[in-house]
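# Descriptive analysis of the structure
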Amino acid sequence: MTDTLPAPLDVRLMNQIASVLLMVCVILVLAAGAWWALRHPAFSIGRIVVQGELLHNNAVTLRANVAPQLTGNFFTIDLYAARAAFEQVPWVRSAQVRREYPRTLQIVLQEHHAAAHWGSESGTSLVNTQGEVFEADSGDDLDGLPRLYGPQGQSAQVFQMYSLLKPVLEPLGMAPTELTLSNRGSWRMTARSGAVVELGGGTTEELLRRTQRFAHTLVQVAAQHGRRPDTLESADLRHTGGYALRLRGVSTSAITAARK
């Protein structure tokens, strides 16, 4: 039996190099094929289906405005970037984007539900029902919304306070049309009748307690001066244990303190 002599070192090295080069070539060929296949027109986005809440937008306009911002095909499109593009459209609060084989992009939108104006009348900021500020053109259908003011980042707190005060004061015809939170934490309200009410500062519970006391006694206090609640011009609820008010037609010196 004859023993096989091992191949010389240089031959073994050449064989290993040849194997590695062959593997690299195979990988490059496969990668090139995959690159070509993924970018083939057969895999381009053929349809963009928009569903969900479309009260202030429509599917045709959305597709026309957002489609040019989408890059890639069915496999390579960045879904996070696509979602961000749809969420930049006015009135769109959130968007869900997913692929639907073979060439469809499915979009489900949620729009903002405007609950109030935010900030100066010259601005376009609105507050939604979650207390979030968003930018959108205000149409005639939004003219009846209240206007809220407050420090940056405090819109949710201001909207929550508005939501708590409205049911307390609305039975008197004094639903808030404006509510302001100052930088020092003091609240001021303007009612539908035009009356200005200084609510003062404190916790939510303290503010509600003062407002409820005011609402429960205003009719009685106004009647003492032969007036109705809608003749109220201003009220100050910052007094300890009571409030002061001014009624239309009553001398400004006749400020009434109500206690309960």
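See the structure printed just above.
The structure reproduced in this document is the subject of the present report.

Thresholds applied
- Residues numbered from 1 in each chain as written.
- Predicted model: local features only at pLDDT ≥ 70, side-chain atom pairs only at ≥ 80, totals over all residues.
- Heavy atoms only, no water.
- Helix = DSSP H or I, 4+ residues; strand = E, 2+ residues; numbered from the N terminus.
- Buried < 20%, exposed > 50% of the residue type's maximum accessible area, 1.4 Å probe, protein only.
- Contact = heavy atoms within 4.5 Å.
- Pairing = 2+ DSSP bridges.
- Axes fitted to C-alpha atoms, helices over the stretch in contact; angles between N-to-C directions.
- Patch = residues over 30% accessible without salt bridge, like charges linked within 9 Å, V, L, I, M, F, W, Y side chains within 5 Å.
- Areas by Shrake-Rupley, 256 points an atom, 1.4 Å probe, with all protein chains shown as cover.
- Salt bridge = Lys/Arg side-chain N within 4 Å of Asp/Glu carboxyl O.
- Arc of directions from axis to C-beta.
- Polar contact = N/O pair within 3.5 Å; in protein donor to acceptor, adjacent residues only side chain to side chain.
- Core = buried A, V, L, I, M, F, W, Y, C linked by side-chain atoms within 4.5 Å.
- Right-handed = clockwise from strand over helix to strand, strands pointing away.

## As for the overall build of the protein chain
Tallying secondary structure elements over the protein chain gives 5 helices and 13 strands in all. Counting every position in the protein chain, which comprises 260 residues, the buried fraction comes to 35%. In the protein chain, the share of contacts with a sequence separation of at least 24, taken over all contacts with a separation of at least 6, comes to 45%.

## Examining unusual backbone geometry
Backbone geometry follows two general trends: most residues other than glycine have a negative phi, and most peptide bonds adopt the trans configuration. Along the chain, Y101 connects to P102 via a cis peptide bond; the corresponding omega equals 10 degrees. Along the polypeptide, P102 turns up in the loop between β2 (92–100) and β3 (104–111). In the Ramachandran plot, W91 falls in the positive-phi region, its phi being about 80 degrees despite a non-glycine side chain.

## Some details on the sheet that holds β3
The sheet built from 3 strands is open, its strands ordered β1-β3-β2 with mixed pairing. The open sheet has two edge strands with one neighbour each: β1 (47–52) and β2. Direction aside, the axes of adjacent strands within the sheet are offset by 20 degrees on average. Pairing between β1 and β3: 6 bridges, direction parallel. What sits directly across from V50, in β3, is I107.

## A look at a nonpolar patch on the surface
A surface patch of nonpolar side chains, about 290 Å² in accessible area, is lined by L13, I17 and L21. L21 sits in the exposed class, given a relative accessible area of 51%.

## Description of the pattern of salt bridges
A complete count under the given rule lists 5 salt bridges for this structure. E132 serves as the salt-bridge partner of R93, at 2.7 Å between the closest nitrogen and oxygen. Taken together, the positions of R93 in strand β2 and E132 in the loop between β5 (125–128) and β6 (133–135) put the pair 39 residues apart, joining distant regions of the chain. Look at R93 and you get partly exposed, because its relative accessible area is 27%.

## Considering helix α2 (residues 59–66)
When we look at burial in α2, the residues that qualify are A59, L62 and V66. End-on view of α2: buried residues confined to an arc of 65 degrees, all on one side of the axis. Seen from the open side of α2, the exposed residues pointing more than 90 degrees away from its buried face are V60 and A64. If you follow the buried residues of α2, they end up packed against β1, α3 (79–87) and β3. With a side-chain oxygen positioned 3.2 Å from the backbone nitrogen of V60, the residue opening α2 is N58.

## What about the nonpolar core?
Within the largest apolar cluster, 36 residues are counted, with the highest numbers of intra-cluster contacts made by M174, L179, L199, F214 and L232. Counting 17 residues, the second-largest nonpolar core is a separate cluster that includes L62, I77, A85 and L109.

## Notes on the environment of N58
Mapped onto the elements, N58 comes out in the loop between β1 and α2. Judged by relative accessible area, N58 falls into the partly exposed class, the value being 38%. Here the side chain of N58 touches V60 through a polar contact of 3.2 Å, landing on its backbone nitrogen.

## What to know about the pairing of strand β10 (residues 196–200)
The buried fraction of β10 amounts to 4 of the 5 residues, a majority that puts the element mostly inside the structure. Bridge analysis of strand β9 (residues 187–191) against β10 gives 4 bridges, and the strand direction is antiparallel. The partner of T190 across the bridge, within β10, is V196. Linking β9 to β10, which pair antiparallel, is a turn of 4 residues; within it G194 sits at a positive phi near 100 degrees. Where β10 lies against strand β11 (residues 232–236), 3 bridges are found, and the strand directions are parallel. When the bridges of β11 are listed, E198 appears paired with D236. Following the backbone out of β10, through helix α5 (residues 204–224) and into the adjacent parallel β11, one traces a crossover that is left-handed.

Function cannot be inferred from these measures alone, as they are strictly geometric.
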